[in-house]
Amino acid sequence: EGERVQRGQVLAVLENASLDASYERASAEFDRARVNAKELEELESVGAVSSRELAEAQYTLATARATRDEAEKSQGFTRIVSPIAGTVSARDVRYGEIASSGARSFQVVDLARLRVVVQLPERDLSRVSEGQQVLLTPTYDDAVEVKAEVLRVSPVVDAASGTVRVTIGLSPDEATLRPGQFVSV
């Protein structure tokens, strides 16, 4: 946690014997089908086998190639990579644990692109516009004020709450506020 990472950087490698074995098996089948197809091409050129036998061998080769490629891609799912350049803010997997599908392993945040999303009452909608300057104050320290800007105002009012979603962006060099922090807007 706290380490800077680049987009595509490997964060963890999962051990999956089944996927590894599938790839090895598919590679072996592909190699065998390739050798067989090559031999039959040579034999077909001198009339020793029929064109139908060669076609079947080529079909087997194409199928083996597809199976190998699929196994190779599946094997790639054993690597957890960062989807963005940023900072690791949470690591929820540890060496030796069993990883489960759908569970978060890492959280990577881009600290240079912090956003604040607020639900503004519909009655205040006429007083807000894109590009408008905003002051953010951390709830723990009223003396600190951070300048920000309205990036987006949703065109839809939430019928259940009577509020409008407003997205506010902080400048990239802002280091006073942190993700998840409570602020007054």
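Calculation rules
- Residues numbered from 1 in each chain as written.
- Predicted model: local features only at pLDDT ≥ 70, side-chain atom pairs only at ≥ 80, totals over all residues.
- Heavy atoms only, no water.
- Helix = DSSP H or I, 4+ residues; strand = E, 2+ residues; numbered from the N terminus.
- Buried < 20%, exposed > 50% of the residue type's maximum accessible area, 1.4 Å probe, protein only.
- Contact = heavy atoms within 4.5 Å.
- 1 Å grid on protein atoms, 1.4 Å probe; cavity = no way out; pocket = protein on both sides within 12 Å on 5 of 7 lines; lining within 4 Å.
- Points joined across faces, edges and corners; volume = space filled by probe spheres on them.
- Nonpolar A, V, L, I, M, F, W, Y, C, P; charged D, E, K, R; others polar.
- Salt bridge = Lys/Arg side-chain N within 4 Å of Asp/Glu carboxyl O.
- Core = buried A, V, L, I, M, F, W, Y, C linked by side-chain atoms within 4.5 Å.
- Pairing = 2+ DSSP bridges.
- Polar contact = N/O pair within 3.5 Å; in protein donor to acceptor, adjacent residues only side chain to side chain.
- pLDDT = per-residue confidence, 0-100.
- Patch = residues over 30% accessible without salt bridge, like charges linked within 9 Å, V, L, I, M, F, W, Y side chains within 5 Å.
- Areas by Shrake-Rupley, 256 points an atom, 1.4 Å probe, with all protein chains shown as cover.

1. Section: the environment of Gln-132
Residue position: Gln-132 is located in the loop between strand 6 (115–121) and strand 7 (133–138). Using a relative accessible area of 30% as the deciding quantity, one classes Gln-132 as partly exposed. Each C-alpha atom of the pair Gln-132 and Arg-152 lies 10.0 Å from the other, and the pair is 20 residues apart in sequence. Excluding residues within four positions of it along the chain, Gln-132 makes contact with Arg-127, Ala-148, Glu-149 and Val-150.

2. With respect to the layout of surface pockets
Volume-wise, the second largest pocket comes out at about 260 Å³. Lining the second largest pocket are 13 residues, and of these Leu-114, Arg-115, Val-116, Pro-179 and Gly-180 sit closest to its centre. Tallied by class, the residues present in the lining of the second largest pocket amount to 7 nonpolar, 2 polar and 4 charged.

3. Digging into the pattern of salt bridges
If you walk through the whole model with that rule in mind, you get 5 salt bridges. Across the pair Arg-52 and Glu-56 runs a salt bridge, and its minimum N-O distance is 3.6 Å. Remark: Glu-56 and Arg-52 occur in helix 2 (residues 51–75); sequence separation between them is 4 residues, near one turn of the helix. Using a relative accessible area of 63% as the deciding quantity, one classes Arg-52 as exposed.

4. Digging into the nonpolar core
Counting residues in each nonpolar core, the largest one holds 12 residues, listed as Leu-114, Val-116, Leu-120, Val-134, Leu-136, Val-146, Ala-148, Val-150, Val-166, Ile-168, Leu-170 and Leu-177. In this view, Leu-114 contacts Ile-168, Gly-169, Leu-170, Leu-177 and Pro-179; residues no more than four positions away in its chain are not counted. In terms of nonpolar packing, the next biggest core, distinct from the first, is built from 9 residues, Phe-30, Ala-37, Leu-40 and Leu-54 among them.

5. Some words on the pairing of strand 7
Consecutive side chains along a regular strand alternate between the two faces of the sheet. Relative to strand 8 (residues 146–158), strand 7 runs antiparallel, the two being bridged by 4 bridges. In the strand pairing of strand 8, Val-134 is matched with Ala-148. Across 2 bridges, the pairing between strand 7 and strand 10 (residues 183–184) is antiparallel. Residue pairing for strand 10: Thr-137 is matched across the bridge by Ser-184.

6. Quick look at the side chain of Ser-82
By secondary structure assignment, the location of Ser-82 is in the loop between strand 3 (79–81) and strand 4 (86–91). Given a relative accessible area of 1%, Ser-82 falls into the buried group. A distance of 2.5 Å separates a polar side-chain atom of Ser-82 from the backbone oxygen of Ile-84. The residues contacting Ser-82, other than those within four sequence positions of it, are Val-5, Gln-6, Arg-7, Gly-8, Gln-9, Leu-11 and Val-108.

7. Points about the sheet that holds strand 4
Spatially, 3 strands are ordered 1-4-5 in an open sheet, and the strand pairing comes out antiparallel. Bordering the open sheet on either side are strand 1 (4–5) and strand 5 (106–109), each of which pairs with just one other strand. Pairing geometry for strand 4 and strand 5, over 4 bridges, is antiparallel. Paired with Thr-87 across the strands is Val-109, a residue of strand 5.

8. Re the confidence of the model for the protein chain
Averaged over the protein chain, the pLDDT score is 89; the fraction of residues at 70 or greater is 96%. Here strand 3 stands out as the element of the protein chain with the lowest mean pLDDT, 84, in contrast to strand 9 (residues 163–170), whose mean of 96 is the highest.

9. Things to note about the sheet that holds strand 9
Strands sit in the order 6-9-8-7-10 across an open sheet of 5 strands; the sheet is antiparallel. Edge positions in the sheet fall to strand 6 and strand 10, since each has one partner strand and no second.

10. A few points about a nonpolar patch on the surface
A cluster of nonpolar side chains, Val-10, Val-13 and Val-81, forms an exposed patch at the surface whose accessible area comes to about 230 Å². Position of Val-13 among the secondary structure elements: in strand 2 (residues 10–13).

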